[in-house]
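Close look at the chain arrangement
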Amino acid sequence: MKQIISRITLFLFAISTLLCVATSTNAQLRPMMIPLTTTMVITKPAPGEIYGNKQVVTMGVGDKTYKFLLNDAYVDDPRGIIHWPDVWELVRQYKPNFNVTGMGEDTFAKMQPGETLTVRGMFSGNNQTYEVMGTEPGGGRFAPGQHY
């Protein structure tokens, strides 16, 4: 009788352990496998500028690293699961935060201090690659309207 009770207890313990592991892994961030369209509005800081509480993002182009102030960013995830804070949590520990490739990678070197640029690209979470698809001067179509 004691043997049966101990086997049942061991079986119930194993089941409860499996349930706890299964529910905790579901709560973690889902892996980002396919590249996502990501748009960033960045400004090149002036030399000696103090960043304060502004978010700073670094872009690696070849062997050079460029530092920018991040004004706005969003992810165009059709499923609505992944948002910019998810991407930032994934890349903020790396220097540079993004490895830039694509047709507009030379755009970062040409930016002047104080210049704002909207950069559209594809972000791959597997290796922090940001492939530039296009750029637009200023805050882009989401910038506040100009008043004259």
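Not measured: the values here are computed from a predicted model.

In terms of regular secondary structure, the chain is built from three helices and six strands. From first element to last, N terminus to C terminus, the chain shows the α and β order α-β-β-β-α-β-α-β-β. Across the chain, every contact between residues at least 6 apart in sequence was considered, and the portion connecting residues at least 24 apart equals 66%. Summed over all atoms, the accessible surface of the chain reaches about 10000 Å², with 59% contributed by carbon and sulfur.

A separate point is the pattern of salt bridges. For the coordinates displayed, the defined rule picks out five salt bridges. Close ionic contact of Arg 92 with Glu 89 constitutes a salt bridge, the shortest N to O distance being 3.8 Å. Looking at Arg 92, the relative accessible area reads 46%, which means it is partly exposed.

Considering all chains together, one arrives at five aromatic pairs under this definition. Taking 5.5 Å as the distance between ring centres and 50 degrees as the angle between the ring planes, the aromatic pair formed by Phe 68 and Phe 108 counts as tilted. With Phe 68 in strand E3 (residues 64-76) and Phe 108 in helix H3 (residues 107-110), this pair connects stretches of sequence that are 40 residues apart. Residues Trp 84 and Trp 88 carry aromatic rings whose centres are separated by 6.3 Å and whose planes lie at 25 degrees to one another, so their mutual orientation is stacked. Residue Trp 84 and its partner Trp 88 are both found in helix H2 (residues 84-91); the two are separated by four residues, about one turn of the helix. Side by side, Trp 84 and Trp 88 carry an identical accessibility label, which is buried. An aromatic cluster of at least three residues, connected via ring pairs, comprises Trp 84, Trp 88, Phe 98, Phe 123 and Tyr 130.

Turning to H2, a few remarks are in order. All buried positions along H2 are accounted for by Trp 84, Asp 86, Val 87, Trp 88 and Val 91. If you follow the buried residues of H2, they end up packed against strand E1 (36-43), strand E2 (56-61), E3, strand E4 (98-102) and strand E5 (116-124).

The next thing to look at is the sheet that holds strand E6 (residues 129-137). Here six strands make up a closed barrel; going around it, the order is E1-E3-E2-E4-E6-E5 and the pairing mixed. Adjacent strand axes in the sheet meet at a mean angle of 50 degrees when their direction is disregarded. Both E2 and E4 contribute to a ladder of two bridges, which runs parallel. Among the inter-strand pairings, Met 59 is bridged to a residue of E4, identified as Phe 98. Across the face of the sheet, H2 comes into contact with E1, E2, E3, E4 and E5 while running at roughly 150 degrees to E3.

Attention shifts here to the environment of Val 57. Note on placement: Val 57 falls in strand E2. When its relative accessible area of 0% is taken as the criterion, Val 57 is described as buried. Counting along the chain gives 14 residues from Val 57 to Thr 43, while the straight-line C-alpha distance between them is 10.0 Å. Not counting residues up to four positions away in its chain, the partners in contact with Val 57 are Ile 42, Tyr 66, Lys 67, Phe 68, Leu 70, Trp 88, Asn 97 and Phe 98.

Within the secondary structure, Gln 128 sits in the loop between E5 and E6. For Gln 128, a relative accessible area of 10% puts it in the buried group. Sequence separation between Gln 128 and Val 91 is 37 residues, and the spatial gap between their C-alpha atoms is 6.6 Å. Dropping the residues within four chain positions of it, Gln 128 is found in contact with Leu 90, Val 91, Tyr 94, Asn 97, Phe 98, Asn 99 and Phe 123.

Here we come to the pairing of E4. Sheet topology places E4 next to E6; four bridges connect them, and they run parallel. Residue pairing in the sheet places Thr 101 in a bridge with Glu 131 of E6.

Here is what the cut-offs are and how they apply
- Residues numbered from 1 in each chain as written.
- Predicted model: local features only at pLDDT ≥ 70, side-chain atom pairs only at ≥ 80, totals over all residues.
- Heavy atoms only, no water.
- Helix = DSSP H or I, 4+ residues; strand = E, 2+ residues; numbered from the N terminus.
- Contact = heavy atoms within 4.5 Å.
- Areas by Shrake-Rupley, 256 points an atom, 1.4 Å probe, with all protein chains shown as cover.
- Salt bridge = Lys/Arg side-chain N within 4 Å of Asp/Glu carboxyl O.
- Buried < 20%, exposed > 50% of the residue type's maximum accessible area, 1.4 Å probe, protein only.
- Phe/Tyr/Trp six-rings, centres within 6.5 Å; stacked < 30°, edge-to-face > 60°.
- Pairing = 2+ DSSP bridges.
- Axes fitted to C-alpha atoms, helices over the stretch in contact; angles between N-to-C directions.

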